Amino acid sequence: MGAAVTPHLVDSHHHVWDLSVRDQEWITGDALAPIRRTFSLADLLPDARAAGVAASVLVQTVTVADETPEFLALAQESDLVAGVVGWIDLTRPEAADTLARLRQLPGGRHLVGIRHQVQGEPDPQWLLRPDVRRGLAAVGAAGLAYDLVVLPHQLPACVEAARDHPGLTFVLDHAGKPPIASGTLEPWAADIRSLAALPNTVCKLSGLVTEADRGTWTVDDLRPYADTVLEAFGPDRLMFGSDWPVCTLAATYAEVVDAARELTGSLSESERTSVFAGTATRVYRL
């Protein structure tokens, strides 16, 4: 089945971090201990190439302004990273100027999107704050996408934000982190369908293995959630992402790719091409 998938796979979602440069304060506790070390592009490259990855999108990890210029410089020197989803403080009135400055930096042409850890915001309506709305408008005016990293209870605010900004493409990371380990679908599935009903929304088939039982998950555990987003968004608005190295808490890079291929096994060749390359290439303008 894997051989039928386009050999020019695009990994729309991975990270790197260097603990000698700065701490990753979110990596705490025993459950995350295996990834509390430095991960570089050199660590990723063998697994990505073995899986047939031709291009990737490097996604922000911390709300630190210096990280995005560092990632842009990495992309400038890399033959793997084709795009960077960075971070800016959306609440600042100079958000548009900040985006313009980032594009003038080395590697600035690789800036394809912006993300903020909305999942860590205590206010479930954070995306709807006036200062955040202004920042989202600046992202849209700059021709960039906005990645949503949220928890299921924050999905209704995502729907409203996407409705309020029809000119901005919203990319839902990790399918909105569904409760796979518990086996429940609702209200997550209903909220997914509401979000997908808006044409300016896209979803990443990523991060599922770490929302499942990390020690015992099977593809069948993931299938109801993958089927939900596939039916809601369709292949043309769904993109594969590995979520490496976070995925290594539950699976190897190859296992994540194989699971995604199995979950999309009923699609036509052209539909699989969309999921594994076309959607990311189009949405992020790679």
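Shown above is the structure to which this text applies.
Scope of this entry: the structure provided in the associated data block. This structure is a prediction, so every number in the text was calculated from the model and none was measured.

## Observations regarding the sheet that holds strand 7 (residues 201–205)
Strand order in the open sheet formed by 8 strands is 1-2-3-4-5-6-7-8, and the pairing between neighbours is parallel. This sheet does not close on itself; its edge strands, each paired only once, are strand 1 (9–14) and strand 8 (238–240). For this sheet, the mean angle separating the axes of adjacent strands, direction not counted, is 25°. By the bridge criterion, 4 bridges tie strand 1 to strand 2 (residues 53–59) in an arrangement that is parallel. Note on strand 2: the bridge partner recorded for His14 is Leu58. Along the sheet, helix 7 (residues 219–233) contacts strand 7 and strand 8; its crossing angle with strand 7, the most-contacted strand, is approximately 155°. On the sheet, helix 9 (residues 269–283) packs against strand 1, strand 6 (170–172), strand 7 and strand 8 and is oriented at approximately 110° with respect to strand 8.

## Let's talk about the state of the cysteines
Under the defined criterion, the tally for this structure stands at 0 disulfides. Cys203 supplies the cysteine sulfur nearest to Cys158, a cysteine that is in no disulfide, at a spacing of 11 Å. Under the relative-accessibility criterion, Cys158 is labelled buried at 1%. Owing to a relative accessible area of 0%, Cys203 belongs among the buried residues under this scheme.

## Focus: helix 7
The end-to-end C-alpha separation of helix 7 is 20 Å, in line with the 21 Å expected for 15 residues at 1.5 Å each. Maximum bend of helix 7: about 30°, positioned at Tyr225. Packed against the buried residues of helix 7 are helix 6 (188–196), strand 7, strand 8 and helix 8 (253–263). Backbone geometry just downstream of helix 7 places Gly234 in the positive-phi region, at approximately 80°.

## Examining the packing of helix 5 (residues 155–164) against helix 6
Where helix 5 contacts helix 6, the two axes come as close as 9 Å, and the packing angle between them is 5°. On the basis of their axis angle, the class for helix 5 and helix 6 is roughly parallel. Together, Leu155, Pro156, Cys158, Val159 and Ala162 of helix 5 and Trp188, Asp191, Ile192, Ser194 and Leu195 of helix 6 make up the contact between the two elements. Across the contact of helix 5 with helix 6, the residue classes break down as 8 nonpolar, 1 polar and 1 charged.

Conventions adopted
Each chain carries its own residue numbering, running from 1 in the written order of its sequence. Local features are withheld for residues below a pLDDT of 70 in this predicted model, meaning they are given only at 70 or higher, and side-chain atom pairs are given and counted only at 80 or more; totals for whole chains, interfaces and linings count all residues. Heavy atoms throughout the structure, all of them, feed into the side-chain values; hydrogens and water do not. We treat two strands as partners when DSSP finds at least two bridges between them. Secondary structure elements follow DSSP: runs of H or I of four or more residues count as helices, runs of E of two or more count as strands, with numbering from the N terminus. An axis is simply a line fitted to the C-alpha atoms; with a helix, the fit covers only the stretch in contact. Between two such axes, the angle follows the N-to-C directions and lies from 0 to 180 degrees. Here, two residues are considered to be in contact whenever any of their heavy atoms come within 4.5 Å of each other. When two cysteine sulfur atoms lie within 2.5 Å, the pair is treated as a disulfide. For every residue, the accessible area (1.4 Å probe, protein chains only) is compared with the maximum for its type, and the residue is labelled buried under 20%, exposed over 50%, or partly exposed between those bounds. Given a helix with a known number of residues, its expected span is that number minus one, times 1.5 Å. Bend, at a single residue, is the angle you get between axes fitted to the 7 residues ending at that residue and the 7 residues starting at it. What sets the label is the angle itself: under 35 degrees gives roughly parallel, over 145 gives roughly antiparallel, 65 to 115 gives roughly perpendicular, and the rest give oblique. All amino acids are sorted into three groups, where Ala, Val, Leu, Ile, Met, Phe, Trp, Tyr, Cys and Pro are nonpolar, Asp, Glu, Lys and Arg are charged, and the leftover types, Gly among them, are polar.

By themselves, these figures tell us nothing about what the structure is for.
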